[in-house]
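# Structural overview
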Amino acid sequence: MSSNTRRDFFRASGLGILAAGVTDWMGCSAPRPAPKSLIEGAAETEFLAPPLTPPDYSRDLERYLIRITNEMGAQRKNALEAITSQDKFVEHQKSLQREFWEMLGGPFEKTPLNPRITGTLARSGYRIEKVIYESRPRLYVTANLYVPEGRSGRLPAILGPLGHSRNGKAWHCYQKLFANLARKGYVVLAYDPFGQGERIEYPGAHPGESNLPRGTGEHEYAGQRLILLGVNFSLFRAWDGIRGIDYLLSRPEVDPERIGCTGQSGGGTMTQILVALDDRIRAAVVAQGNTENIAEGNLEPPGSADDAEQNVVPSLSRGIDRSDLLHVFAPKPLLLTITTHDAGNTYSPEYVSGTVEQVEELKRSYGLLGSSDRVSLVATAQQHLYSYEQRRSAYQWFNRWLENKGADDQEVEAPVEPDEALFCTKTGFVVTSLGGEPTLSLTRKLAASAGPPPPASSREELLTRVRQGLALPEKKADLKPLLLCRVRKAGYTAEQFQIDSDGEIRVPGWTLTPDSAAQSAATILYLGDRP
């Protein structure tokens with residue numbers, strides 16, 4: 001590796017004024033290569049590198065990110081394959097769980113749930129209790145508890161984290177799932193996520209409407225602020241679920257040894273996170289969740305990333321990816337369901353193959369624990385929802401592994417409740433009915449508790465902090481300076497140059513050198529802010 005630095009390059013070139021990153025080619029480019037014999041430099045213009053194929057910097061960052069992502073993915077895979085014994089794998093699981101908690105920024109302190117029931121709906125074979133609990137002080141979680149009627153003894157229970165439905169727990173296919181689980185003897189807790197259902201924090205004119213973009217808009221808004229504090233929004237989401245299990249276990253109907261978890265789409269991805277963090281979950285169904293790794297081979301950046309709560313940052317830099325959440329869950333029973341429709345639609349074009357690859361890894365890990373029959377994958381080709389066929393697969397899975405003897409996998413047609421019938425609040429919005437703590441105030445409190453860092457004791461310490469914060473490489477790459485074009489102007493010379501920054505990333509620019517400049521003339525560095 002060369003010891004040249006940018007300073008050396010600029011000094012050797014005798015620069016007076018340097019303009020870096022101002023342009024790609026400053027008008028010298030052509031839409032397609034032209035025969036060399038047809039290209040001549042304009043007046044006072046000299047090409048120092050062949051102009052047949054002008055540099056294209058537009059995909060440098062993309063190529064760089066693809067390479068380092070592929071490298072991180074390969075390193076993770078090699079490390080996992082190097083684990084060949086049960087003892088080593090169990091150690092790996094414990095390490096993964098610790099690292100997930102550390103990256104998320106939690107756990108929080110468990111505080112009183114202060115649950116309240118604001119209403120009850122009696123239905124054939126079950127009832128729906130409208131529950132509000134506090135996952136953190138004054139952080140109100142609206143939920144529907146489906147309770148079987150006419151059952152004796154303690155019953156299995158299902159936690160239902162939800163996908164990105166505008167109306168949260170009231171979405172029609174979720175209602176069908178929860179009602180039929182209740183008829184089969186399961187207690188089910190379905191709770192609204194942040195920014196959905198009754199927990200929209202920027203309410204529109206009507207319940208279920210947000211003034212931010214639908215779906216994941218409020219998630220992204222919260223996640224962008226939290227990441228600056230080193231906290232993932234998935235921590236907020238997962239904590240609601242963990243406290244939801246606490247509420248289930250407070251109910252006399254629930255058997256603490258038979259807790260299951262299932263969610264679809266974003267709720268499926270949240271199921272993956274919950275099963276890695278909460279050991280009380282005994283069986284799980286991940287329905288159409290993001291079951292491909294972020295470091296999915298050769299995907300365009302940012303890889304198989306998704307909205308704020310579906311990415312654990314900075315997992316890849318630690319050799320960890322999304323599928324490792326499910327490795328923590330082994331050997332407990334795990335069913336993954338997908339639809340081929342999602343490939344290239346909801347998720348990346350590699351969604352199906354990426355999921356299959358993940359299941360192959362999981363089969364190997366479960367096999368180390370003597371339980372390869374406890375992980376399975378089923379698929380449909382239907383649209384992105386918790387479909388009838390996939391609901392039946394979930395019933396079969398939970399009936400088998402939560403030992404719900406006598407329960408079948410059929411469905412009884414049930415009316416879909418209107419949204420307002422399932423409201424736990426008077427207005428359909430927590431923020432206007434109860435107030436409480438929105439994500440913004442919770443984030444402010446986290447920021448205040450973190451406090452400012454102590455002042456640096458020296459310039460060197462300050463520079464070290466900046467380098468660490470920016471994750472700058474310890475060693476500088478070879479600059480590989482290249483002069484491309486020289487244009488002589490009245491009183492100065494302009495030279496177009498290119499240097500290597502890091503890997504595939506090149507930096508273009510121009511030097512403007514006065515004719516009267518001495519060898520040691522002062523240099524001004526100007527960083528352009530547009531291409």
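Residues numbered from 1 in each chain as written. Predicted model: local features only at pLDDT ≥ 70, side-chain atom pairs only at ≥ 80, totals over all residues. Heavy atoms only, no water.

## Observations concerning the overall build of the chain
Operational definition: Numbering of helices and strands runs from the N terminus, with a helix taken as a DSSP run of H or I at least four residues long and a strand as a DSSP run of E at least two residues long. When a residue's accessible area, from a 1.4 Å probe over protein chains only, is under 20% of the maximum for its type it is buried; when over 50% it is exposed; and in between it is partly exposed. To be clear on the numbers: accessible area is Shrake-Rupley with a 1.4 Å probe, and residue cover counts the displayed protein chains and nothing else. Here Asp and Glu are counted as negative and Lys and Arg as positive; His is not counted, and neither are the chain ends. Note on charges: their place is set at NZ of Lys, CZ of Arg, CG of Asp or CD of Glu.
On a plain count of helices and strands, the chain comes out with 13 helices and 15 strands. Projected onto the principal axes, the alpha-carbon positions of the chain cover approximately 95 × 50 × 50 Å. Out of the 531 residues belonging to the chain, those deemed buried represent 49%. Surface exposure of the chain reaches about 24800 Å², of which carbon and sulfur atoms provide 53%. Here the chain contributes 60 positively and 65 negatively charged side chains, and the mean placements of these two sets differ by 3 Å.

## Topic: unusual backbone geometry
A cis amide bond links G106 with the next residue in sequence, P107, at an omega value of 5°. Relative to the assigned elements, P107 resides in the loop between α3 (86-104) and β3 (116-123). That bond from A330 to P331 is cis: its omega, 10°, falls within 30 degrees of zero. Of note, P331 is situated in the loop between α8 (324-329) and β10 (334-339). A positive phi is found at Q288, a non-glycine position, where the angle reads about 55°. Considering the arrangement of structural elements, one finds Q288 in the loop between β9 (283-287) and α8. Even without a glycine there, the phi angle at A471 is positive, about 55°.

## Focus on the nonpolar core
The tendency in soluble globular proteins is for nonpolar side chains to be buried side by side. The test is simple: Note on terminology: a nonpolar core comprises buried Ala, Val, Leu, Ile, Met, Phe, Trp, Tyr and Cys residues joined through side-chain atoms within 4.5 Å. A contact between two residues is defined here by any heavy atoms of the two lying within 4.5 Å.
Among the nonpolar cores identified, the biggest contains 66 residues, and F100, F236, L274 and L334 are the most heavily contacted of them. The dominant element in this core, judged by the number of residues it contributes, is helix α6 (residues 233-250), at 9 residues. Those residues within four positions of F236 in sequence are excluded, and the remaining contacts are F108, R136, F194, L226, V231, T439, L442 and L446. With 31 residues, the next largest nonpolar core counts Y126, L177, L335 and Y386 among its residues.

## A look at helix α13 (residues 459-470)
As a reminder of what qualifies: A helix's residues, less one, multiplied by 1.5 Å, set its expected span.
For α13, built from 12 residues, the straight-helix expectation of 16 Å at 1.5 Å per residue is met to within 8% by its first-to-last C-alpha distance of 17 Å. Immediately downstream of α13, the backbone of A471 shows phi near 55°, a positive value.

## Considerations on the packing of aromatic side chains
The following threshold applies: Two aromatic rings from Phe, Tyr or Trp, using only the six-membered ring of Trp, form a pair when their centres are within 6.5 Å; if the ring planes differ by under 30 degrees the pair is stacked, by over 60 it is edge-to-face, and anything between is tilted. Geometrically, a lysine NZ or arginine CZ counts as sitting over a ring once it is within 6 Å of the ring centre and also within 35 degrees of the ring normal.
Per the counting criterion, the structure on display carries 15 aromatic pairs. Taking the centre distance of 6.2 Å and the plane angle of 50° together, the rings of F233 and F236 count as tilted. With F233 and F236 both in helix α6 and 3 residues apart, this pair spans about one turn of that helix. Of the two residues, F233 and F236, neither departs from the other in class, the shared state being buried. Across from the ring centre of F236, 5.2 Å away, lies the NZ or CZ of R136, which sits over that ring. Above the plane of the ring of Y221 lies R225, whose end atom (NZ or CZ) is 4.8 Å from the centre.

## Points about the sheet that holds strand β8 (residues 254-264)
Note the cut-off: Criterion used throughout: strands pair if DSSP finds at least two bridges between them. A fitted line through C-alpha atoms serves as each axis, taken over the contacting stretch for helices, and the angle formed by two N-to-C directions is quoted from 0 to 180°.
Taken in spatial order, the 9 strands make up an open sheet running β3-β4-β5-β7-β6-β8-β9-β10-β11, and their pairing is mixed. Whereas interior strands pair on both sides, the edge strands pair on one side only; in this sheet they are β3 and β11 (375-380). On average, adjacent strands in this sheet sit at an angle of 20° to one another, irrespective of strand direction. In terms of strand pairing, strand β6 (residues 155-160) meets β8 through 4 bridges, oriented parallel. Each residue of the ladder has a partner; that of L159, found in β8, is C261. Packed on one face of the sheet, helix α9 (residues 351-368) meets β10 and β11 and runs near 170° to β10. Helix α10 (residues 388-401) contacts β6, β8, β9, β10 and β11 of the sheet and is inclined by roughly 170° relative to β9.

## Focus on the environment of V275
Note on placement: V275 falls in helix α7 (residues 266-277). When its relative accessible area of 2% is taken as the criterion, V275 is described as buried. C-alpha separation for the pair V275 and F429, spaced 154 residues apart in sequence, amounts to 29 Å. Excluding anything up to four places from it in sequence, V275 contacts I281, A284, L325, L326 and F329.

## Things to note about the pairing of β6
This is how it is decided: By convention, a crossover is right-handed whenever its connection, traced from the first strand over the helix to the second and viewed with the strands pointing away, goes clockwise.
The buried fraction of β6 is high, at 6 of 6 residues. Bridge count between β6 and strand β7 (residues 187-191): 4 bridges; the pairing is parallel. Across the sheet, residue L159 finds its bridge partner in β7, namely L189. Regarding topology, helix α4 (residues 172-183) serves as the crossover connection from β6 to the parallel β7, and that connection is right-handed.

## Quick look at the confidence of the model for the chain
Here is the rule we go by: By definition, pLDDT measures how confident the predictor is in each residue, and it falls between 0 and 100.
Of all residues in the chain, 92% attain a pLDDT of 70 or more, and the chain-wide mean is 89. Predicted confidence for residues 1-31 stays below pLDDT 50, and this span has 83 contacts to residues more than four positions away or in other chains.

## Digging into a nonpolar patch on the surface
Where we set the bar: Surface patches are drawn from residues lacking salt bridges whose relative accessible area is over 30%; two like charges belong together within 9 Å, two nonpolar side chains (Val, Leu, Ile, Met, Phe, Trp, Tyr) within 5 Å. For salt bridges, the criterion is a side-chain nitrogen of Lys or Arg within 4 Å of an Asp or Glu carboxyl oxygen.
A cluster of nonpolar side chains, namely L462, V466, L470 and L472, defines an oily patch on the protein surface of about 370 Å² accessible area. Counting through the fold element by element, L470 comes out in helix α13. In this structure L470 comes out as exposed when scored by relative accessible area, which is 58%.

## Observations regarding the side chain of N404
Relative to the helices and strands, N404 resides in the loop between α10 and α11 (430-433). Those residues in contact with N404, other than ones at most four positions away along the chain, are P156, K184, Y186, R258 and N399.

## A short note on the environment of F233
The buried category is assigned to F233, whose relative accessible area is 2%. Sequence separation of F233 and S152 is 81 residues, and the distance between their C-alpha atoms is 39 Å. When near neighbours in sequence (up to four residues on either side) are disregarded, F233 contacts F194, H219, A222, G223, L226, A308, E309 and T439.

## Notes on the side chain of Q272
Assignment of secondary structure puts Q272 in helix α7. Relative accessible area serves as the criterion here: at 0%, Q272 is assigned to the buried category. Those residues in contact with Q272 that lie beyond four places of it in its chain are V286, G289, N290, T291, R322, L325, L326 and Q358.

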